Structures are given as structure tokens and as C-alpha cells.
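If you want the building blocks of each chain, they are given just below.
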Amino acid sequence: MDEKTVHKETSKRNKTEKRKGARYYESKVLYNRKFTTPLKKKRKNEYDAEEEAKLENIVFGDPNDIIDNLLNDKSETKEGDESVDISEEVDANEDNKSTRKEDSENDDENEVKSDEDISVLSQSSDARPEEKKAAWIDKDDYEYTVDAALSMQNRKLPCERPEKLYTTYLENRYKLFVGTPKWAELKKDDEVNADDLDSDILKHSCHLEAPKLKNLPKNVIDIRALKGLNKSTHTEGPIITSVEFHPSSTVALVAGTSGVLSLFEVNGHTNEKLHSMQFEKFPITKATFMKEGSEILVGSQYYSYCHTYDLMNGKSYKLPLPHRITNMKIYEVSPDGKLIALCGKFGEIHLLHSFTKELIATLKMNSKCRVLAFTPDSKTLITHGDGSEMYIWDLNTRTCINRAIDDGSLSCASLAVSPSGQFVATGSAQGVVNLYDIKTVLEDQSPTPLKIMKNLVTSVTSVKFNPTSEILSVASADKHNAFKMLHLPSFTVFSNFPTLQTNIGFPQAIAFSPGSGYLSISNRTGSALLYRLRHYGNY
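On a predicted model such as this, the values are computed, not experimentally measured, just so you know.

Caption draft 1: Quick peek at helix α5 (residues 146–153). Of the positions making up α5, those classed as buried are V146, A149 and L150. Looking down the long axis of α5, one finds its buried residues gathered within 95 degrees of arc, a one-sided arrangement. Exposed residues on α5 whose side chains face more than 90 degrees from its buried face are D147 and M152.

Written out as C-alpha cells, the structure is:
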């Protein structure tokens with residue numbers, strides 16, 4: 001081939017290669033330009049002020065003109081075939097504007113009038129507050145009578161009741177035993193005494209907070225004798241073994257060896273009987289409130305079963321005790337209401353479930369157990385009996401954590417722990433009362449008493465703290481008028497009670513009301529005496 005032909009072919013190849021590279025470069029540039037440059041088309045959702053104003057008029061305008069506005073919009077968007085007179089449209093729009101102005105003025109006047117009416121109504125509502133009404137009413141409540149309901153339940157009332165409807169009977173019965181709960185109080189009295197201003201917690205658990213009253217003075221106590229609790233009945237038995245106040249209402253129970261348990265209203269003047277129940281051939285050794293006052297547990301030292309009385313439905317139930325437990329002579333209920341500690345034979349202490357009365361555990365002392373008491377937190381149990389040792393039990397592990405020696409005691413007859421959790425009192429069969437700090441009892445093996453009281457010469461059968469832990473009352477059932485009260489802050493005995501004219505008899509059981517306003521002492525002559533402590537509140 002000639003040089004010219006070779007040169008031509010090489011030049012052609014270079015041109016073709018350049019063209020290919022240019023095309024590739026140009027396509028690359030066009031590709032980038034196509035997708036990097038912003039779109040020039042007009043967006044559909046672009047803001048339009050006229051369209052926005054039109055929509056506002058349609059949506060937020062007068063609701064009566066919505067249909068007219070929609071029709072106007074349709075007339076404006078008609079096709080070009082139909083002839084539309086522009087002058088008529090302008091006149092129609094002017095008419096619509098004038099009508100809108102008139103409607104808006106009328107609406108303003110109506111709003112002003114409505115505001116005035118609302119202010120008048122608010123003033124009248126403030127002047128006459130609306131009374132609360134029941135949210136739900138059952139028609140059957142006004143049809144069932146007491147007789148019809150009792151016949152359907154196959155039971156009879158022990159005494160006649162003034163209520164005709166069964167619902168009113170149930171309401172009165174609930175208020176009688178439990179009281180009116182706060183959520184059910186529809187009206188609030190403006191005139192309330194200072195004592196009633198305290199909450200229920202302060203009334204019934206005064207040891208949780210410091211009372212508003214002044215400290216109890218020492219040496220002399222302001223006390224007054226009232227009508228006895230069971231003076232209207234005297235059917236509970238020759239020996240009143242139990243007396244106790246309800247934790248949340250002004251009701252007290254009295255029980256004795258004849259097997260009769262009576263409930264009384266505590267007011268200090270009449271002390272009317274509310275209800276009585278007879279447990280046949282069942283001498284009551286001890287009766288106490290349970291489940292925050294909705295149930296009464298009744299035990300006897302002669303039988304291996306107990307009775308429970310439900311205050312809500314007025315029924316009593318007979319429950320057998322677990323195996324190897326022969327009686328319920330000495331028992332205590334824990335402050336939280338979950339456990340029952342029961343003294344058994346040969347130094348045994350049985351722990352029962354308070355709801356099912358089933359046996360949970362059995363503790364064992366080296367000597368016979370005669371008395372026991374729970375601490376306020378329900379975590380510790382203190383037991384005592386024949387011998388000089390107090391046994392301290394941890395209820396979580398159910399083990400003995402300490403054995404403290406009771407100073408000078410050969411046999412313990414009574415035991416009590418203060419509601420404040422500060423003191424422990426033991427009463428010996430020799431007539432000596434030892435008062436300890438609870439910390440020393442729980443930790444030391446030979447605690448030193450804070451006070452040794454030797455005012456009694458016979459066996460101390462009862463020791464009891466008042467709810468504020470300011471008074472320790474001690475009694476002996478073996479001697480006439482053997483009763484004393486100790487002022488705890490000063491550890492001095494009140495000198496003015498009992499006096500030579502006081503006739504307590506042989507004191508058997510002691511009880512303070514939840515607010516320490518009342519003191520009741522039962523004796524062996526069938527009476528439950530009642531005294532008023534004027535330093536404290538009404539109940």
C-alpha cells in the first residue's frame with residue numbers, strides 16, 4: 001500500500017474514534033443535565049391565594065351559604081357552550097355579599113345575647129348548687145321489701161326493724177357497723193367540731209402522727225364515770241371476758257361466759273344495744289374484731305373450734321381448728337390482719353392464716369407459752385410464759401432471734417407492746433410490772449427495765465397501752481379494785497384513779513377506744529364499765 005492510502009486510513013480511524021468519544025461525552029453530559037437541573041414545570045400543589053380564600057369562605061363561612069357557594073362554583077366552572085351573563089353574576093355576587101353582612105350582624109347580636117344568658121345562668125348556678133344524684137338506679141330496689149327478701153333467703157331477723165324496703169335495711173346495717181365511706185358522702189356539713197376535722201387515720205391510729213392536743217399531764221387524770229356499756233342487757237354472762245371497740249365506728253362488743261356477744265353504740269349516755277348473738281354451749285373466752293372491723297373472731301377454751309360473725313351479712317360460721325389444736329383460750333391477731341398467733345400445749349405457738357384459719361407454722365418454746373404479742377409492723381412476735389425468758393421470733397424466717405431475761409419474773413401472766421413500737425410491758429404472777437425499751441428486748445439478752453411497778457400485790461392478769469402510748473393500764477382479776485394507770489412520759493402512777501368510792505370490782509379485760517376518748521373495764525360481776533377520758537377527743 002502507498003503511504004497516501006495508509007495516511008488516509010489512519011486519518012479516517014482517528015476521526016471515527018474522535019466521533020465515538022465525542023458522542024460518549026455528549027451523552028454523558030446530556031444524562032447529567034437531564035436529571036440534575038430542576039424541573040421547570042409548574043407544581044400542582046403550588047399556593048394560590050385566590051383558591052385559598054375561596055376554600056376558606058366555603059368551609060368557615062356561614063353554614064347556610066355553603067350550598068349557594070357550591071352552586072356558584074359550579075356555575076363559574078360551566079363549559080363555554082352555555083352562555084352566561086356577566087352582569088347577572090356581578091349582581092348576584094353583590095346580593096350575596098349584602099346578605100352575608102346582614103347575617104354576620106345578626107350572628108354578632110345572637111352571640112352577645114347568648115353570652116349574657118350564659119353569665120346569668122352561671123350566676124344562678126352559683127347561687128343554687130346542683131345536688132348530686134345517683135348515677136344508676138335499679139327499679140327492683142323500690143319493689144323488694146324486707147319480708148320478701150328474707151323469705152327468699154329463708155331467714156328471719158332476731159328483732160323487728162322499722163325499714164320497709166330491703167335496700168334501706170342494708171344501707172342502715174352497713175352504716176351501723178362500718179360507717180359511711182368518704183366516697184359515698186354526698187353532703188358536707190360546714191359546722192364541724194375540731195375533733196371531727198381530723199382524718200380517720202389520726203382518729204384510729206393516733207400513734208402514727210403526733211396529736212394536735214397538748215401532752216397528757218401527769219399525776220392527775222381527768223376521768224369521769226359513764227353508764228356501763230352493757231347496762232341495758234347484762235346477759236353476756238357473770239364474767240365479761242372480752243370488751244373491745246370497733247376500729248372505725250362508735251361501736252363496741254361485749255362477750256362473756258354465757259356465750260352471748262352483744263354490740264353497743266358508744267355515746268356515753270344511753271349506749272343502746274345494736275345486736276346480740278347467742279352461741280349455744282360455747283362459753284366465750286375471747287372475742288376480737290378482724291378484717292378492719294368487718295368480722296368478729298370468737299374463741300373458747302373448752303372447744304377445738306371457733307366461730308366467726310360477719311357483720312356485713314349478719315351470719316355466723318363455725319370453723320374447726322387444725323389438728324392438734326384443742327382450744328382458743330389465748331390468741332392474738334397481727335396488726336396487719338394476716339396472722340393469728342395461738343398458744344398451744346407444751347410450749348407450742350401455732351400460726352394460723354386469718355382468712356382460712358389454716359395452720360401455717362408451729363413454733364416451740366422450752367417452757368409453756370402463756371402470753372404473746374405482735375410488734376406494730378407485724379414482723380416480730382414476742383412470747384412469754386413459765387420461766388424468766390422472753391422469746392423473740394422473726395415471722396419471715398420463723399426462727400427465734402433472741403431470748404431476753406425478764407428481770408425478777410418467775411412466770412409471766414400478761415404481755416403488751418405499745419402501738420408506737422417503743423415499749424414492752426410484762427406483768428408477772430408475783431404482781432410486778434416491768435416496762436422495757438423494745439430495742440433492748442430485741443437485741444440484749446438481759447435488758448434493764450425502764451420502770452418497775454410494784455403497785456399490785458396479786459398476779460397481773462391484764463396490761464394494756466392506749467393508742468397514743470401515753471398510758472399503761474394494769475389490772476389484776478384476783479383482787480377488788482386492783483387497777484392502776486401509769487403515765488409513760490414521766491413513769492408516774494395517776495393518784496386520783498381509782499378512788500375509795502370507785503367500784504370496779506374484779507377487773508377482767510381492758511379496752512381503749514381508737515382515739516383514747518373512752519376506757520372500758522370489764523369485771524366478774526357481769527358488767528362492762530365505761531369511763532370518759534376528757535383529755536382526748538370524743539372517740
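Caption draft 2: Highlighting the packing of aromatic side chains. One pass over the full model with this rule turns up 11 aromatic pairs. Each ring, one from F245 and one from Y539, has its centre 6.2 Å from the other, and the planes form 75 degrees; the classification is edge-to-face. Highlighted residues: F245 in strand β2 (residues 240–245) and Y539 in the segment after β28 (528–533), separated in sequence by 294 residues. Their ring planes at 15 degrees and their centres at 6.0 Å tell us that Y391 and W393 sit as a pair that is stacked. Here Y391 matches W393 in class, with each residue buried. Grouping aromatic residues by their ring pairs yields a cluster made of F279, F282, Y303 and Y305. Geometry around Y331 places K286 over its ring, the cationic atom sitting 5.0 Å from the centre.

Caption draft 3: Representation of the sheet that holds strand β23 (residues 471–475) in the model. One open sheet holds the four strands; their spatial order is β22-β23-β24-β25, and the pairing between them is antiparallel. Strands with a single pairing partner mark the edges of an open sheet, and in this sheet they are β22 (462–465) and β25 (492–493). Where β22 and β23 come together, four bridges link them in antiparallel fashion. Note that in β23 the partner of K464 across the bridge is S473.

Caption draft 4: Summary view of the pairing of strand β8 (residues 305–310). Burial of β8 is extensive: six of the six residues sit out of reach of the surface. Burial of the side chains of β8 extends over both faces: Y305, H307 and Y309 are buried on one face and C306, T308 and D310 on the other. Two strands pair when backbone bridges link them, and strand β7 (residues 295–299) and β8 are joined in this way by four bridges, in the antiparallel orientation. Paired with V298 across the strands is H307, a residue of β8. Between β7 and β8, which pair antiparallel in sequence order, lie five residues. One ladder, built from six bridges, connects β8 with strand β9 (residues 315–320); its direction is antiparallel. Residue pairing across strands places D310 opposite K315, the latter belonging to β9.

Caption draft 5: Here's a closer look at the UniProt feature "repeat: WD" (unreviewed entry) in the protein chain. UniProt records the feature "repeat: WD" (unreviewed entry) at residues 372–403, using the numbering of this structure. Between the C-alpha atoms that bound residues 372–403 the distance is 14 Å, and the span itself is 0% helix and 62% strand.

Caption draft 6: Expanded view of the pairing of strand β14 (residues 369–374). By the criterion of burial, β14 is predominantly enclosed, with five of the six residues buried. Alignment of β14 against strand β15 (residues 380–385), held across five bridges, turns out to be antiparallel. Following the sheet pairing, L372 is matched in β15 by T383. Hairpin connection of β14 to β15: five residues between the antiparallel strands, including S378 at a positive phi of 60 degrees.

Caption draft 7: Focus on unusual backbone geometry. Between F497 and the following residue, P498, the backbone shows a cis peptide bond with an omega angle of -5 degrees. Secondary-structure assignment places P498 in the loop between β25 and β26 (507–512). With phi around 55 degrees, K291 is a residue other than glycine that occupies positive phi space. Note that K291 resides in the loop between β6 (286–290) and β7.

Caption draft 8: Representation of the environment of D394. Within the secondary structure layout, D394 lies in strand β16 (residues 389–394). Note: C-alpha distance between D394 and S378 (16 residues apart in sequence) is 9.6 Å. If near-sequence neighbours (up to four positions away) are discounted, D394 is found in contact with K379, T399 and I401. Engagement of the side chain of D394 in a polar contact is seen with the backbone nitrogen of N396, the distance being 3.2 Å.

Caption draft 9: Representation of the environment of L456. By secondary structure assignment, the location of L456 is in the loop between β21 (451–453) and β22. In this structure, the C-alpha to C-alpha distance between L456 and A475, residues 19 residues apart in sequence, is 8.0 Å. Filtering out sequence-adjacent residues up to four positions away, L456 remains in contact with G431, V474, A475, S476, A482, F483 and K484.

Caption draft 10: Expanded view of the confidence of the model for the protein chain. For the protein chain, the mean per-residue pLDDT works out to 80, and 72% of the residues sit at or above 70. In this model, residues 22–35 is a region of pLDDT below 50 whose contacts with residues beyond four sequence positions or in other chains number zero contacts. Low pLDDT, under 50, characterises residues 116–127; the predicted model gives this stretch zero contacts beyond four residues in sequence or across chains.

Caption draft 11: Spotlight on the nonpolar core. With 18 residues, the main nonpolar core has I223, I471, F483, M485, L519 and Y531 as its most contacted residues. When contributions to this core are tallied by element, the ones reaching two or more residues are β23, β24 (483–487), β26, β27 (518–523) and β28. At three residues, the largest contribution of residues to this core is made by β28. Filtering out sequence-adjacent residues up to four positions away, Y531 remains in contact with I223, R224, A225, L226, F497, T502, I504, G517, Y518, L519 and I521.

Definitions and limits used
- Residues numbered from 1 in each chain as written.
- Predicted model: local features only at pLDDT ≥ 70, side-chain atom pairs only at ≥ 80, totals over all residues.
- Heavy atoms only, no water.
- Buried < 20%, exposed > 50% of the residue type's maximum accessible area, 1.4 Å probe, protein only.
- Helix = DSSP H or I, 4+ residues; strand = E, 2+ residues; numbered from the N terminus.
- Arc of directions from axis to C-beta.
- Phe/Tyr/Trp six-rings, centres within 6.5 Å; stacked < 30°, edge-to-face > 60°.
- Lys NZ or Arg CZ within 6 Å of the ring centre and 35° of its normal.
- Pairing = 2+ DSSP bridges.
- UniProt positions renumbered as here; feature names shortened; annotations may be inferred.
- Contact = heavy atoms within 4.5 Å.
- Polar contact = N/O pair within 3.5 Å; in protein donor to acceptor, adjacent residues only side chain to side chain.
- pLDDT = per-residue confidence, 0-100.
- Core = buried A, V, L, I, M, F, W, Y, C linked by side-chain atoms within 4.5 Å.

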